[in-house]
Amino acid sequence: MKKLSYQDVNHLVIDRCKSGDHRAQYELYKLYAKAMFNVSMRITNDYTEAEDVLQEAFVSAFKNLHGYKAEASFGSWLKKIVINASINAIRKRRSELVPLDEQQMADVPDEVNEDYSEWQVDKVRRAIQKLPDGYRVVLTLYLLEGYDHSEIGEIMGITESTSKSQYSRARKKLLEIMKEAQFAN
Amino acid sequence: MKDSLEKFVQNNREEFDVFEPSPELWQHICRELPPQAGKKEAKVINIKLGSVANFSTDHFFMRVAAAILLLLGCGLTLVLVKQDSSGASTSIASVQAANNVAPELPEIEAYYASQIEKKKTELSEYDLKILGLDEQQVIDNELARLDSSYVHLKKQLYTTPNTDEIVAALIQNLQIRIKVLNKQLEVLQNLKNVNQELISEPKNDDTTNA
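Rules used in this analysis
Residues numbered from 1 in each chain as written. Chains lettered and ligands numbered in written order. Predicted model: local features only at pLDDT ≥ 70, side-chain atom pairs only at ≥ 80, totals over all residues. Heavy atoms only, no water. Helix = DSSP H or I, 4+ residues; strand = E, 2+ residues; numbered from the N terminus. Buried < 20%, exposed > 50% of the residue type's maximum accessible area, 1.4 Å probe, protein only. Contact = heavy atoms within 4.5 Å. Buried area = accessible area lost by both parts, 1.4 Å probe. Salt bridge = Lys/Arg side-chain N within 4 Å of Asp/Glu carboxyl O. Polar contact = N/O pair within 3.5 Å; in protein donor to acceptor, adjacent residues only side chain to side chain. Core = buried A, V, L, I, M, F, W, Y, C linked by side-chain atoms within 4.5 Å. Domains from an automatic or database assignment. Phe/Tyr/Trp six-rings, centres within 6.5 Å; stacked < 30°, edge-to-face > 60°. Expected span 1.5 Å × (residues − 1). Bend = angle between axes of the 7 residues up to and from the residue. Patch = residues over 30% accessible without salt bridge, like charges linked within 9 Å, V, L, I, M, F, W, Y side chains within 5 Å. Areas by Shrake-Rupley, 256 points an atom, 1.4 Å probe, with all protein chains shown as cover. Axes fitted to C-alpha atoms, helices over the stretch in contact; angles between N-to-C directions. Parallel < 35°, antiparallel > 145°, perpendicular 65-115°, else oblique. Left-handed = near helix turned anticlockwise from the far one by under 90°.

Draft legend 1. The arrangement of the overall build of chain A in detail. Of the regular secondary structure elements, chain A holds eight helices and zero strands. Along chain A, helices (α) and strands (β) appear in the sequence α-α-α-α-α-α-α-α when read from the amino end. Within chain A, the fraction of its 185 residues that count as buried is 52%.

See below:
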């Protein structure tokens, strides 16, 4: 995501949004839609669902804009809304996300060769999309969205240590998928 | 300690954002948003005319208003002084003079009126609600304000001696209207293009199938 000086650039637009100015809302939307859509895409792994989430998140953000207190940047405030909406979406879709710990614990080998000189962004990205929901969410929140394990725990309603162990399993699984993909290519 | 995977992702973070939401999503969002509130308090209207000329109409009108007041003051003094010196005969003379004050004005007015009418017809061809824009009211208010300041200026034309400045202000007033309308047309045209792309896509599919 682009780094912007939120307080300066956006605070005027945000003020206009608070009075329901549709043009100002569109400006904010244009600024954040792509980044937020990708956040949602990574979590839901489904284009239609990610669009629904994005719509729901922006509508709720604009309606609750008075609750935004400029403690954090607008971007990270919005991102929390998008992530929560995305996680709700996959919880509704599948119950398998809830028992996080029971999920595929045994089938991950301990040692995986990490030859990342051959990694390509697209390959890594596609491998992430192949991860099961529980793994994918923790891994993307940690690796791509930049949350630490205690924040992830808070977001997902799990303990910090569960997030840590879930992440390390997800990471191993990812490398494994990448190896398979390399064989396939 | 950062491992290789973390480093790799951090170094290539931007490239991971490969998806784009569909362009019509904003229309859906817009439909769910409450209509614009606080229109009454929106007294300052910022009109962006490209990146070069970005001015606040309120400031502009303050300046015009100040100019009018000044001219009014000067005019009144002059008229009073004249009446004092030459008596009742001047009032008849001033009425006759009024027709000759700005002989070019009717022509100018007719030209701009036709231009403005044209833009307005173009504008009315867009269905604003479908395009998700709620700005027409603002534009209408703006035009109404330009209208009243025009009427005001025109009254001044016959009572103040400095007709050139008033005529210039009148022309400027007309030109601002055209700029406002052009800007709105441009916005709508952009939106329409986006919408047309969306509509034409499925149609293309149909023809290729047939």
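This is not the end of the story, as more comes after the structure.
Draft legend 2. Highlighting the interface of chain A and chain B. The interface is formed by 42 residues belonging to chain A together with 35 residues belonging to chain B. Three residues, H22, R23 and V121 of chain A, lead the burial of chain A against chain B; their summed loss comes to 18% of the area buried on that side. Our count for the contact surface shared by chain A and chain B stands at four salt bridges. The tally of links between chain A and chain B comes to 13 residue pairs in polar contact (both at pLDDT 80 or more). Elements with a minimum of two residues in the side of chain A that touches chain B: α2 (22-44), α3 (47-63), α5 (121-130), α6 (133-143) and α8 (160-184) of chain A.

Draft legend 3. Spotlight on the environment of V180 of chain B. Residues and elements named next belong to chain B. Looking at the secondary structure, you find V180 in helix α7 (residues 163-209). Of the residues examined, V180 reaches a relative accessible area of 5% and is grouped as buried. Separated by 38 residues in sequence, V180 and E142 place their C-alpha atoms 8.5 Å apart.

Draft legend 4. A look at the pattern of salt bridges. Taken as a whole and judged by the stated rule, the model has 16 salt bridges over all chains. Two residues, E145 of chain A and R42 of chain A, come together in a salt bridge whose shortest N-O distance is 3.1 Å. Taken together, the residues E145 of chain A in the loop between α6 and α7 (149-156) and R42 of chain A in helix α2 connect sequence positions 103 residues apart. By relative accessible area, E145 of chain A is classed as buried at 7%. For K173 of chain A, the salt bridge goes to E176 of chain A, with nearest N and O atoms at 4.0 Å. Of the two residues, K173 of chain A and E176 of chain A are both situated in helix α8; the distance of three residues between them amounts to about one turn of the helix. The same class applies to K173 of chain A as to E176 of chain A, namely buried. It is possible to trace a salt-bridge network through shared partners that takes in R42, K79 and E145 of chain A together with R13 and D17 of chain B.

Draft legend 5. Quick look at the nonpolar core. Residue and element names in this part refer to chain A. Formed by 65 residues in total, the largest nonpolar core has its most connected members in L141 and M156. With ten residues, the single largest contributor to this core is α2. Both domain 1 (6-93) and domain 2 (98-184) contribute no fewer than three residues apiece to this core. Residues within four places of L141 in sequence aside, it is in contact with I43, I83, G146, Y147, I152, I155 and M156.

Draft legend 6. How the structure looks around the packing of aromatic side chains. Counted according to the given criterion, the structure contains 13 aromatic pairs over all chains. For the pair F74 of chain A and W77 of chain A, a centre-to-centre distance of 5.7 Å together with 40 degrees between the ring planes defines the contact as tilted. Separated by three residues within a single helix, F74 of chain A and W77 of chain A lie in helix α4 (residues 74-93), roughly one turn from each other. According to the relative accessible area criterion, F74 of chain A is buried, its value standing at 1%. One aromatic cluster is present, built from ring pairs that chain together Y26, Y29, F58 and F62 of chain A together with W26 of chain B.

Draft legend 7. Representation of α2 of chain A. Residues and elements named next belong to chain A. Taking 1.5 Å of rise per residue, the 23 residues of α2 would be expected to cover 33 Å, yet its terminal C-alpha atoms sit only 28 Å apart, more than 12% below that figure. The largest bend along α2 measures about 50 degrees and falls at Y32. Counting buried positions along α2 yields 17 of 23 residues, so the element is predominantly enclosed. Regarding α2, its N-cap is D21, as a side-chain oxygen of that residue lies 2.9 Å from the backbone nitrogen of R23 further along. N45 occupies a position one or two residues after α2 and carries a positive phi of about 60 degrees.

Draft legend 8. Highlighting the side chain of T162 of chain A. Assignment of secondary structure puts T162 of chain A in helix α8. Of the polar contacts made by the side chain of T162 of chain A, one reaches the side chain of T159 of chain A; its length is 2.5 Å.

Draft legend 9. Representation of a nonpolar patch on the surface within the structure. There is a patch of nonpolar side chains on the surface, built from L69, L72, L76 and L80 of chain B and spanning about 390 Å² of accessible area. With respect to the secondary-structure elements, L69 of chain B resides in helix α3 (residues 57-86).

Draft legend 10. Spatial organisation of unusual backbone geometry. Positioned with a positive phi, N45 of chain A is a non-glycine residue whose angle comes to about 60 degrees. In this structure, N45 of chain A sits in the loop between α2 and α3.

Draft legend 11. Structural detail: the packing of α6 of chain A against α7 of chain A. Residue and element names in this part refer to chain A. Interaxial distance between α6 and α7 falls to 10 Å at its minimum, and their mutual angle equals 135 degrees. With respect to their mutual orientation, α6 and α7 come out oblique. As α6 runs across α7, the sense of the crossing is right-handed. Within the contact between the two elements, α6 uses V137, V138, L141 and Y142 and α7 uses H149, I152, I155 and M156.

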